[in-house]
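# Tertiary structure, described
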Amino acid sequence: MPRSSELSDFEKGIIIWYHKCGRSLRDISSDLKYPKSAVAYVIKKWKVSGDCRNVPRVGRPTKLGDRDRRVLTREIRKNRTQPMALIREEFQQACGSIVSMNTIRKEAHLHGFMVVLLPINL
């Protein structure tokens, strides 16, 4: 199991179920192949708060909404060979949102497009 992965709500529920059945921390850890520290954390969190579900993280909201992402995807498909600056201008005209080149590059990468930053005067 990778070190940075987070247990799903289902996996945490299984740990709690094992705990309610009277299984020891060591037995739960060895049966489910999870680290003892992770099992202990889930059980402790459940005992203290009565809930151990994953909660959404806080952070800055994304600049683009669903509609903006669809418009950006459409503009990238139309102008695949154009420089990123021109794609950005077309997107801003079509959508009205002002975004940076990094935002366009990140969104394009998320949608599976390979974007290369080229100078505008080719």
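Rules used in this analysis
- Residues numbered from 1 in each chain as written.
- Predicted model: local features only at pLDDT ≥ 70, side-chain atom pairs only at ≥ 80, totals over all residues.
- Heavy atoms only, no water.
- Helix = DSSP H or I, 4+ residues; strand = E, 2+ residues; numbered from the N terminus.
- Rg over C-alpha atoms; globule rule 2.2 N^0.38 Å.
- Buried < 20%, exposed > 50% of the residue type's maximum accessible area, 1.4 Å probe, protein only.
- Contact = heavy atoms within 4.5 Å.
- Areas by Shrake-Rupley, 256 points an atom, 1.4 Å probe, with all protein chains shown as cover.
- Lys, Arg positive; Asp, Glu negative; His and termini not counted.
- Charge placed at Lys NZ, Arg CZ, Asp CG, Glu CD.
- Phe/Tyr/Trp six-rings, centres within 6.5 Å; stacked < 30°, edge-to-face > 60°.
- Expected span 1.5 Å × (residues − 1).

### Side note on the overall build of the protein chain
When helices and strands are tallied, the protein chain shows six helices and zero strands. Along its sequence from the N terminus, the protein chain presents helices and strands in the succession α-α-α-α-α-α. Over its C-alpha atoms the protein chain spans a radius of gyration of 23 Å, topping by over 25% the 14 Å that the globule rule assigns to 122 residues. Expressed along its principal axes, the backbone C-alpha trace of the protein chain runs to roughly 70 × 25 × 20 Å. With 122 residues in all, the protein chain has 28% of them scored as buried. In the protein chain, once contacts between residues fewer than 6 apart in sequence are set aside, the share between residues at least 24 apart is 51%. For the protein chain, the computed accessible surface area is about 9,100 Å², with 54% contributed by carbon and sulfur atoms. Charge separation in the protein chain, taken as the distance between the mean sites of 24 positive and 12 negative side-chain charges, equals 4 Å.

### Comments concerning the packing of aromatic side chains
In this structure the tally under the stated criterion is one aromatic pair. Aromatic pair tryptophan 17 and tyrosine 18: ring centres 5.5 Å apart, planes at 80°, arrangement edge-to-face. Overall, the relative accessible area of 16% leaves tyrosine 18 in the buried class.

### Re the side chain of asparagine 79
Structurally, asparagine 79 is set in the loop between helix 4 (66-78) and helix 5 (84-95). On the accessibility criterion, asparagine 79 (17% relative accessible area) is buried. For asparagine 79, the contacting residues outside a window of four places in its chain are Ile87 and Glu90.

### A word on helix 4
In an α-helix there are 3.6 residues to a turn, and that puts residues three or four apart on one side. An ideal rise of 1.5 Å per residue puts 18 Å on 13 residues; helix 4 measures up with 19 Å between its terminal C-alpha atoms. Along helix 4, the positions that sit buried rather than exposed are Asp68, Val71, Leu72, Thr73, Glu75 and Ile76. If you follow the buried residues of helix 4, they end up packed against helix 5 and helix 6 (101-110).

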